Amino acid sequence: MTVSRGLLRLTWAFNDPERWRPRQRPATGGWSKEDQAEVRRLRARLWELTSTVSTHSFWQTLEGPDVVTARTMLKYAHDTPAADTPAA
């Protein structure tokens, strides 16, 4: 499960169903202990992946606008089909 999918499956309210909430969202019972543990695990994984990417030696090989271009390409890499993947 990806980090974002794991977080999206949770209810929007962490623990207090009586707290203010946007009108369009119903009250929830909050997150279970298991959900809270899963969020901690997913956030730790997200931190690990973010640290790995942002401190990779590749970034030291770029300067100026090339850094911005490379980060933008990385950000949208999942939107581009792989070269060996047939178009749907």
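As the structure is a prediction and not an experimental result, all values here were calculated from the model.

**A word on the overall build of the chain**
Here's step 1: On a plain count of helices and strands, the chain comes out with three helices and zero strands.
Here's step 2: Going residue by residue from the N terminus, the α and β elements of the chain occur as α-α-α.
Here's step 3: Counting across all 88 residues of the chain, residues that qualify as buried make up 17%.
Here's step 4: Counted over contacts in the chain with a minimum sequence separation of 6, partners at least 24 positions apart contribute 29%.
Here's step 5: Accessible area of the chain: about 7700 Å², with a carbon and sulfur share of 58%.

**Digging into the packing of aromatic side chains**
Here's step 1: This model, assessed by the stated rule, comprises one aromatic pair.
Here's step 2: On the numbers, 5.1 Å between centres and 70° between planes, the contact of Phe-58 with Trp-59 is edge-to-face.
Here's step 3: The exposure class of Trp-59 is buried, given its relative accessible area of 11%.
Here's step 4: One Lys or Arg, Arg-71, reaches over the ring of Trp-59 and ends 5.1 Å from the middle of that ring.

**Regarding the pattern of salt bridges**
Here's step 1: Applying the stated criterion across every chain yields a total of two salt bridges.
Here's step 2: Between Arg-41 and Glu-38 there is a salt bridge, with its nearest N and O atoms 2.9 Å apart. A residue pair is termed a helical-turn pair when its members lie 3 or 4 positions apart in one helix, as Arg-41 and Glu-38 do in helix α2 (residues 33–54) at three residues.
Here's step 3: A residue is classified by how much of its surface remains accessible, and Arg-41, at 45% relative accessible area, is partly exposed.
Here's step 4: You can call Glu-38 buried: its relative accessible area is 17%.
Here's step 5: Where Arg-45 meets Glu-48, a salt bridge forms, and the shortest distance between an N and an O atom there is 3.0 Å. With Arg-45 and Glu-48 both in helix α2, this residue pair falls three residues apart, about one helical turn.
Here's step 6: Exposure remark for Glu-48: the relative accessible area of 43% places this residue in the partly exposed category.

What counts as what
- Within each chain, residue numbers correspond to sequence positions counted from 1 in written order.
- Only residues with pLDDT of at least 70 are given local features in this predicted model, and only at 80 or more are side-chain atom pairs given and counted; all residues enter the totals for whole chains, interfaces and linings.
- Side-chain numbers here rest on the full set of heavy atoms in the structure, without hydrogens or water.
- Helix and strand assignments come from DSSP, with helices taken as H or I runs of at least 4 residues and strands as E runs of at least 2, each series counted from the N terminus.
- For each residue, the accessible area found with a 1.4 Å probe, counting protein chains only, is set against the maximum for its type, and the residue is called buried under 20%, exposed over 50%, and partly exposed in between.
- Should any heavy atoms of two residues lie within 4.5 Å, those residues are counted as being in contact.
- The accessible surface values rely on the Shrake-Rupley method and a 1.4 Å probe; as for residues, cover is taken only from the protein chains in view.
- Any two rings among Phe, Tyr and Trp, with Trp reduced to its six-membered ring, count as a pair given centres within 6.5 Å; such a pair is stacked if its planes are under 30 degrees apart, edge-to-face if over 60, and tilted if neither.
- Only Lys NZ and Arg CZ are tested; either one counts as a charge over a ring when it is within 6 Å of the ring centre and within 35 degrees of the ring normal.
- Within this document, salt bridges are pairs made up of a side-chain nitrogen of Lys or Arg and a carboxyl oxygen of Asp or Glu, the two lying within 4 Å of each other.

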